[in-house]
Amino acid sequence: MDFSTAKKSQVKTTISIPTSLSQTKKLVDDKAKQSEEAKVVSSQEKLEIKPLGSSITLTQELFDLQIFSIQEHFRKADKNLELAILDQPIKVRDGGEVILEVMGHMQEEIAGKMKPDLVGLIRQFTGAERVLITVEVKEEVDNGKPKLYTNTDKLNFLREKHPALAEFQRKFGLEVDF
(Lines give C-alpha, C1' and ligand atoms only; values in the text may rest on other atoms or scores of the structure.)
Protein backbone atom coordinates (compact mmCIF):
# COMPACT_ATOMS: atom_id res chain seq x y z
CA MET A 1 0.00 0.00 0.00
CA ASP A 2 1.34 3.39 -0.95
CA PHE A 3 1.03 5.75 2.01
CA SER A 4 1.76 8.84 -0.07
CA THR A 5 -1.52 8.50 -1.97
CA ALA A 6 -3.64 7.43 0.99
CA LYS A 7 -6.18 9.99 2.16
CA LYS A 8 -5.12 11.83 5.25
CA SER A 9 -7.75 12.32 7.89
CA GLN A 10 -7.96 15.74 9.37
CA VAL A 11 -6.89 15.96 12.96
CA LYS A 12 -8.78 18.42 15.09
CA THR A 13 -6.61 21.10 16.53
CA THR A 14 -6.19 21.05 20.25
CA ILE A 15 -5.07 23.71 22.64
CA SER A 16 -2.19 23.31 24.98
CA ILE A 17 -2.83 23.05 28.67
CA PRO A 18 -2.17 26.40 30.30
CA THR A 19 0.61 26.48 32.86
CA SER A 20 -0.56 29.47 34.83
CA LEU A 21 -3.74 31.27 35.79
CA SER A 22 -2.83 34.33 33.70
CA GLN A 23 -2.32 32.18 30.61
CA THR A 24 -5.74 30.56 31.23
CA LYS A 25 -7.42 33.98 31.48
CA LYS A 26 -5.74 35.07 28.25
CA LEU A 27 -7.00 31.96 26.40
CA VAL A 28 -10.53 32.51 27.69
CA ASP A 29 -10.48 36.18 26.66
CA ASP A 30 -9.18 35.31 23.18
CA LYS A 31 -11.90 32.70 22.74
CA ALA A 32 -14.59 35.21 23.83
CA LYS A 33 -13.28 37.82 21.38
CA GLN A 34 -13.36 35.29 18.53
CA SER A 35 -16.94 34.30 19.27
CA GLU A 36 -18.03 37.99 19.51
CA GLU A 37 -16.38 38.73 16.16
CA ALA A 38 -18.13 35.72 14.62
CA LYS A 39 -21.50 36.91 15.95
CA VAL A 40 -20.97 40.41 14.52
CA VAL A 41 -19.98 39.01 11.12
CA SER A 42 -22.95 36.60 11.00
CA SER A 43 -25.42 39.30 12.05
CA GLN A 44 -24.07 41.62 9.36
CA GLU A 45 -24.49 38.86 6.77
CA LYS A 46 -28.12 38.28 7.82
CA LEU A 47 -29.03 41.96 7.67
CA GLU A 48 -31.28 42.51 4.70
CA ILE A 49 -32.46 45.94 3.63
CA LYS A 50 -35.96 45.98 2.18
CA PRO A 51 -37.55 49.00 0.56
CA LEU A 52 -40.40 50.61 2.46
CA GLY A 53 -43.92 49.62 1.47
CA SER A 54 -42.92 46.34 -0.17
CA SER A 55 -44.10 44.05 2.60
CA ILE A 56 -46.08 41.00 1.54
CA THR A 57 -49.31 40.30 3.40
CA LEU A 58 -50.08 36.67 4.09
CA THR A 59 -53.31 35.56 2.46
CA GLN A 60 -55.14 32.23 2.35
CA GLU A 61 -54.17 31.76 -1.32
CA LEU A 62 -50.50 32.46 -0.68
CA PHE A 63 -50.52 30.12 2.31
CA ASP A 64 -52.30 27.36 0.37
CA LEU A 65 -49.65 27.55 -2.36
CA GLN A 66 -46.85 26.94 0.15
CA ILE A 67 -48.45 24.54 2.65
CA PHE A 68 -47.05 21.50 0.84
CA SER A 69 -43.49 22.84 1.15
CA ILE A 70 -44.04 23.49 4.85
CA GLN A 71 -45.45 19.99 5.36
CA GLU A 72 -42.53 18.51 3.41
CA HIS A 73 -40.10 20.20 5.81
CA PHE A 74 -41.79 18.52 8.79
CA ARG A 75 -41.98 15.24 6.85
CA LYS A 76 -38.22 15.28 6.25
CA ALA A 77 -37.63 16.05 9.94
CA ASP A 78 -39.83 13.01 10.76
CA LYS A 79 -42.20 15.09 12.92
CA ASN A 80 -45.41 13.14 12.48
CA LEU A 81 -47.30 14.73 15.37
CA GLU A 82 -46.77 18.16 13.85
CA LEU A 83 -47.84 16.83 10.45
CA ALA A 84 -51.13 15.65 11.96
CA ILE A 85 -51.82 19.26 12.95
CA LEU A 86 -50.79 20.63 9.56
CA ASP A 87 -53.00 18.10 7.75
CA GLN A 88 -56.10 19.64 9.30
CA PRO A 89 -57.73 22.64 7.58
CA ILE A 90 -55.81 25.85 8.35
CA LYS A 91 -57.41 29.26 8.01
CA VAL A 92 -55.64 32.57 7.37
CA ARG A 93 -57.39 35.74 8.49
CA ASP A 94 -56.68 39.30 7.43
CA GLY A 95 -53.38 40.66 8.68
CA GLY A 96 -51.49 37.36 8.45
CA GLU A 97 -53.14 35.55 11.35
CA VAL A 98 -52.90 31.78 10.90
CA ILE A 99 -55.53 29.76 12.79
CA LEU A 100 -54.51 26.20 13.73
CA GLU A 101 -57.43 24.08 14.86
CA VAL A 102 -56.31 21.26 17.16
CA MET A 103 -58.13 18.40 18.83
CA GLY A 104 -57.38 18.08 22.51
CA HIS A 105 -54.72 19.28 24.86
CA MET A 106 -51.95 17.07 23.49
CA GLN A 107 -52.14 18.66 20.05
CA GLU A 108 -52.42 22.07 21.71
CA GLU A 109 -49.07 21.52 23.43
CA ILE A 110 -47.45 20.26 20.22
CA ALA A 111 -48.79 23.27 18.30
CA GLY A 112 -47.38 25.60 20.96
CA LYS A 113 -43.95 24.00 20.62
CA MET A 114 -43.97 24.11 16.82
CA LYS A 115 -45.06 27.77 16.57
CA PRO A 116 -41.55 29.29 16.21
CA ASP A 117 -40.54 26.81 13.50
CA LEU A 118 -43.83 27.28 11.70
CA VAL A 119 -43.58 31.08 11.75
CA GLY A 120 -40.06 30.88 10.32
CA LEU A 121 -41.11 28.47 7.59
CA ILE A 122 -44.14 30.53 6.62
CA ARG A 123 -41.99 33.65 6.40
CA GLN A 124 -39.34 31.79 4.41
CA PHE A 125 -41.68 30.18 1.88
CA THR A 126 -44.23 33.00 1.45
CA GLY A 127 -42.07 36.06 2.01
CA ALA A 128 -44.67 37.50 4.39
CA GLU A 129 -43.23 39.62 7.17
CA ARG A 130 -46.09 39.60 9.65
CA VAL A 131 -47.21 36.13 10.72
CA LEU A 132 -49.23 35.46 13.84
CA ILE A 133 -50.24 31.94 14.81
CA THR A 134 -53.33 31.32 16.94
CA VAL A 135 -54.19 27.88 18.29
CA GLU A 136 -57.87 27.05 18.75
CA VAL A 137 -58.89 23.89 20.58
CA LYS A 138 -61.76 22.24 18.76
CA GLU A 139 -63.86 19.80 20.72
CA GLU A 140 -64.66 16.42 19.23
CA VAL A 141 -68.15 16.25 17.84
CA ASP A 142 -70.17 13.39 19.28
CA ASN A 143 -71.77 11.72 16.30
CA GLY A 144 -74.16 9.65 18.43
CA LYS A 145 -72.43 6.36 17.68
CA PRO A 146 -71.31 4.39 20.71
CA LYS A 147 -67.58 4.06 21.25
CA LEU A 148 -66.41 0.49 20.85
CA TYR A 149 -63.86 -0.09 23.58
CA THR A 150 -63.96 -3.83 24.22
CA ASN A 151 -63.88 -6.78 21.86
CA THR A 152 -67.38 -7.80 22.98
CA ASP A 153 -68.68 -4.33 22.02
CA LYS A 154 -67.02 -4.64 18.62
CA LEU A 155 -68.49 -8.09 18.02
CA ASN A 156 -71.99 -6.99 19.02
CA PHE A 157 -71.72 -3.95 16.73
CA LEU A 158 -70.67 -6.15 13.80
CA ARG A 159 -73.54 -8.58 14.52
CA GLU A 160 -76.01 -5.69 14.34
CA LYS A 161 -74.45 -4.30 11.18
CA HIS A 162 -74.15 -7.69 9.45
CA PRO A 163 -76.85 -10.12 10.60
CA ALA A 164 -75.23 -12.90 8.59
CA LEU A 165 -72.37 -12.91 11.10
CA ALA A 166 -74.70 -14.07 13.88
CA GLU A 167 -76.13 -16.70 11.53
CA PHE A 168 -72.61 -17.99 10.66
CA GLN A 169 -71.70 -18.07 14.31
CA ARG A 170 -74.83 -20.10 15.17
CA LYS A 171 -74.60 -22.37 12.10
CA PHE A 172 -70.92 -23.28 12.51
CA GLY A 173 -70.94 -23.27 16.31
CA LEU A 174 -68.29 -20.59 16.62
CA GLU A 175 -67.45 -19.51 20.14
CA VAL A 176 -65.53 -16.35 20.86
CA ASP A 177 -62.92 -16.36 23.61
CA PHE A 178 -61.83 -12.93 24.75
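Rules of the game
- Residues numbered from 1 in each chain as written.
- Predicted model: local features only at pLDDT ≥ 70, side-chain atom pairs only at ≥ 80, totals over all residues.
- Heavy atoms only, no water.
- Phe/Tyr/Trp six-rings, centres within 6.5 Å; stacked < 30°, edge-to-face > 60°.
- Helix = DSSP H or I, 4+ residues; strand = E, 2+ residues; numbered from the N terminus.
- Buried < 20%, exposed > 50% of the residue type's maximum accessible area, 1.4 Å probe, protein only.
- Axes fitted to C-alpha atoms, helices over the stretch in contact; angles between N-to-C directions.
- Parallel < 35°, antiparallel > 145°, perpendicular 65-115°, else oblique.
- Contact = heavy atoms within 4.5 Å.
- Nonpolar A, V, L, I, M, F, W, Y, C, P; charged D, E, K, R; others polar.

### Overview of the packing of aromatic side chains
Item 1. According to the stated counting rule, one finds 1 aromatic pair in the structure shown.
Item 2. Ring geometry for phenylalanine 168 versus phenylalanine 172: centroids 6.1 Å apart, planes at 25 degrees, classification stacked. Pair noted here: phenylalanine 168 and phenylalanine 172 are both in helix H6 (residues 163-172), with a separation of 4 residues, about one helical turn.
Item 3. For phenylalanine 168, a relative accessible area of 47% puts it in the partly exposed group.
Item 4. By relative accessible area, phenylalanine 172 is classed as exposed at 55%.

### Concerning the packing of helix H5 (residues 151-161) against H6
Item 1. Running from amino to carboxyl end, H5 crosses H6 at an angle of 110 degrees, the nearest separation of the two axes being 4 Å. Accordingly, the angle class assigned to the pair H5 and H6 is roughly perpendicular. Residues Leu155, Leu158, Arg159, Glu160 and Lys161 of H5 form the contact with H6, whose participating residues are Pro163, Leu165, Ala166 and Gln169.
Item 2. The residue makeup of the contact of H5 with H6, split by class, is 5 nonpolar, 1 polar and 3 charged.

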